[in-house]
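Structural characterization, general
The chain contents come next:
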Amino acid sequence: MTVREKIGKLFMIGLNGKNIDYSDKNLLNLIKPGFIILFKRNVENRIQVKKYVSKIHETYGDDIIISADQEGGIVTRLETGFSVSPGAMAVAATGKSTNSYLTGKILGEEMADCGITFNLAPVVDINSNQNNPAIGVRSFSNDSEIVYEYASEFIRGLNESGVAACIKHFPGNGDVCVDPHLAMPILDKTIEELEKMELIPFRKLFERKVESMMPTHLTLPKIMKEKVPVTVSKEILTDFVRGEMGYEGLIISDDLTMGGVSNSMEIEEICYKSLMAGIDVLCICHDHDLKERAFNYLCDKYVSDCGLRSRVDESFERIEKFVQKYRVKKNDVKIIDYDDNQRTMQSISDKSITFIDGGQFEFPLEDLGCEDYLFSVKPMRQTLAEDSEIGSCIGRFLIDKFPHLNLITFKGNISIEESDKLIEKSEGKTCIFISENAYLNVGQRNMLEKLADKFERILLIAIRNPYDSSLKGIKNSILSYGYSMPNQESVISLLQGNIKSEGNNPIKYY
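Below: a short report on this structure. (Residues numbered from 1 in each chain as written. Predicted model: local features only at pLDDT ≥ 70, side-chain atom pairs only at ≥ 80, totals over all residues. Heavy atoms only, no water.)

1. Considerations on the packing of aromatic side chains
- In total, this model carries 15 aromatic pairs according to the counting rule given.
- In this structure, R156 packs its charged tip against the face of Y101, placed 4.0 Å from the ring centre.
- Of note, K301 hangs over the ring of Y272, and the distance from its end group to the ring centre comes to 4.9 Å. (Phe/Tyr/Trp six-rings, centres within 6.5 Å; stacked < 30°, edge-to-face > 60°. Lys NZ or Arg CZ within 6 Å of the ring centre and 35° of its normal.)

2. What about the sheet that holds strand β2 (residues 35–38)?
- Here 6 strands make up an open sheet; going across it, the order is β5-β4-β3-β2-β1-β9 and the pairing parallel. The outermost strands of the open sheet, each flanked by one partner alone, are β5 (164–165) and β9 (282–284).
- Examined bridge by bridge, strand β1 (residues 11–14) and β9 share 3 bridges and lie parallel to one another. Considered in β9, the bridge of M12 is made with C283. (Pairing = 2+ DSSP bridges. Helix = DSSP H or I, 4+ residues; strand = E, 2+ residues; numbered from the N terminus.)

3. Details of the packing of helix α5 (residues 98–113) against helix α6 (residues 144–160)
- Relative orientation of the contacting elements α5 and α6 amounts to 30°, with a least axis distance of 7 Å. As α5 runs across α6, the sense of the crossing is right-handed. From α5, S100, Y101, T103, G104, K105, L107 and G108 reach across to α6, where they touch Y150, E153, F154, R156, G157, L158 and E160.
- Considering only residue class, the contact of α5 with α6 consists of 5 nonpolar, 5 polar and 4 charged. (Axes fitted to C-alpha atoms, helices over the stretch in contact; angles between N-to-C directions. Left-handed = near helix turned anticlockwise from the far one by under 90°. Contact = heavy atoms within 4.5 Å. Nonpolar A, V, L, I, M, F, W, Y, C, P; charged D, E, K, R; others polar.)

4. Details of the sheet that holds strand β12 (residues 406–411)
- Reading across the sheet, the 6 strands line up as β10-β15-β14-β13-β11-β12 and stay open at both edges, with mixed pairing between neighbours. Edge positions in the open sheet fall to β10 (354–356) and β12, since each of these has one partner strand only. Between one strand axis and the next, the sheet turns by 15° as a mean value, whatever way the strands run.
- In this structure, strand β11 (residues 373–378) lies alongside strand β13 (residues 428–435), joined through 4 bridges in parallel fashion. Opposite Y373, over in β13, you have C431 as the bridge partner.

5. Focus on the packing of helix α11 (residues 267–277) against helix α12 (residues 288–302)
- Relative orientation of the contacting elements α11 and α12 amounts to 55°, with a least axis distance of 8 Å. Classed by the angle they form, the pair α11 and α12 counts as oblique. Once α11 is placed against α12, the crossing between them reads as right-handed. Contact residues: I267, E268, C271, Y272 and L275 in α11; L290, R293, A294, Y297, L298 and K301 in α12. (Parallel < 35°, antiparallel > 145°, perpendicular 65-115°, else oblique.)

6. A look at α6
- The terminal C-alpha atoms of α6, which comprises 17 residues, lie 24 Å apart, in line with the 24 Å expected from a rise of 1.5 Å per residue.
- Across the 17 residues that make up α6, a large majority, 12, are buried.
- Within the span of α6, buried status applies to S144, I146, V147, Y148, Y150, A151, S152, E153, F154, I155, G157 and L158.
- Lining the buried residues of α6 we find α4 (88–93), α5, β4 (118–119), β5, β6 (167–170) and α8 (199–207).
- Where α6 begins, the capping side chain belongs to D143, and its oxygen is found 2.9 Å from the backbone nitrogen of E145.
- Of the residues trailing α6, G162 is marked for its positive phi of about 85°. (Expected span 1.5 Å × (residues − 1). Buried < 20%, exposed > 50% of the residue type's maximum accessible area, 1.4 Å probe, protein only. Polar contact = N/O pair within 3.5 Å; in protein donor to acceptor, adjacent residues only side chain to side chain.)

7. Regarding the pairing of β1
- By the alternation rule, side chains of β1 split into F11 and I13 and M12 and G14, which are all buried.
- Across 3 bridges, β1 lies against β2 in parallel orientation. Residue pairing across strands places G14 opposite I37, the latter belonging to β2.

8. Some remarks on the state of the cysteines
- Overall, the coordinates contain 0 disulfides when judged by the stated rule.
- C283 supplies the cysteine sulfur nearest to C166, a cysteine that is in no disulfide, at a spacing of 9.6 Å.
- Looking at C166, the relative accessible area reads 0%, which means it is buried.
- Free of any disulfide, C431 has its nearest neighbouring cysteine sulfur in C370, separated by 15 Å.
- When its relative accessible area of 0% is taken as the criterion, C431 is described as buried. (Disulfide = S-S within 2.5 Å.)

9. With respect to unusual backbone geometry
- For the bond running from A121 to P122, omega is 10°, close enough to zero to count as cis.
- Considering the arrangement of structural elements, one finds P122 in the loop between β4 and α6.
- Between F363 and the following residue, P364, the backbone shows a cis peptide bond with an omega angle of 10°.
- Positionally, P364 belongs in the loop between β10 and β11.
- Backbone geometry at K32 places phi at a positive 50°, although glycine is not the residue there.
- Looking at the element boundaries, K32 is found in the loop between α2 (22–31) and β2.
- Judged by its relative accessible area of 41%, K32 falls in the partly exposed class.
- Backbone geometry places K209, a non-glycine residue, at a positive phi of 65°.
- The residue K209 is located in the loop between α8 and β7 (212–215) in this model.

10. Comments concerning the pattern of salt bridges
- Within the structure shown, the criterion is met by 32 salt bridges.
- Between R138 and E71 there is a salt bridge; the shortest N-O distance is 2.8 Å. On the criterion of sequence distance, the pair formed by R138 in the loop between β4 and α6 and E71 in the loop between β3 (65–68) and α4 is long-range, its members being 67 residues apart.
- Here R318 and E314 are joined by a salt bridge, their closest N and O atoms 2.7 Å apart. A residue pair is termed a helical-turn pair when its members lie 3 or 4 positions apart in one helix, as R318 and E314 do in helix α13 (residues 306–326) at 4 residues.
- For R318, a relative accessible area of 18% corresponds to the buried category. (Salt bridge = Lys/Arg side-chain N within 4 Å of Asp/Glu carboxyl O.)

Have a look at this one:
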């Protein structure tokens, strides 16, 4: 194997679209990557994905590991034709970790059926800071033991299906207020403080020999000598993670074009410093030019830098072991009952729905008339469940069932001024309010608090983070922990009286 081929194995790259285009082919022939990561831009439906992945393996070899962020819930790359999970926090709301095992097993067997053998999940961030913008319902809980229990069961399900897991985002993104996609967060904690919260699931899963982990682009000023992202810190990744924590598996970088690392360094420097810090797999999801630059730079530098040669050899050896275990096995064909899988996912979602009963509503919901109002958010992230006119599909259902409701739709990032105009003339007996993270948005929060004063009763349907239910004036609320189709179908079933609320909020208030 040549030096260039060896270095190529250290790259995880994203491709352009649903077919391998001319620039993809050139890039693949140049880098010969060890890993490819799929995004929604690469996915149309299950049949297309199977053909797409099969074409990659036929052309470039079975040793390329195909990966995806198939967390479930709001981070779902494989959707049409696949079973959709209600998401981590929804699964934890069922109160049974066996549901996390089933979720991992179903996602894993459907990925493996398409030749995708690496799931960049689960999230083991502990959502201890409700104001963090990046995690929320992607986390199982704000309780470290719940996070560990449900993550370990999710991993067990994936592994039984022949799919590798990747725990993320070390040392934990749950207590920061900046999204690392945009800038570098600061986690201002000591090692002792991290050991009491963030590091608990990582330590326990390291002991169970989890095969890969992903650090995040945050900095730890009370621990690190330099103010740099963990991604490029030898002090953290090699000395602490490998040395003190004894971790032996692969370390996969988060996307190296994210603002948390790329705002301060060029891609060549990022990749070199990441490798020297202890990263094994360099993930560059976007911009083929950046991938080419990084690859060519490392190939050139390899000749004169003995430290880099040592690190490349070390990471290559780990990757080879991983590839041998998770490469596509053509004769390992299983019959997948996709319909039954989706019924199981829907059942898990149904058991997650949480109704906080203030004594003013009963289901089926029937006593609504022309004097009542429906305020419906248009979800900030696009999903199959979104309706461009109504907002969430729950809103569409309510309007179909109660066509005389006064409908008002709004964007999730609505301003106070815009929200005041929307509620100016609204007044009556009943208001149903479908929110998405109203507690983080001043306009949504303003609407909710003022509507609670204007109406005799208000039913909040929180379709993302559960913290909306704690806002001023809210006594009755439904928590769905996400707005993927299973979550929304469960809310509709509750409103129709077809299911009862069995879920409990996995966010613990101490």
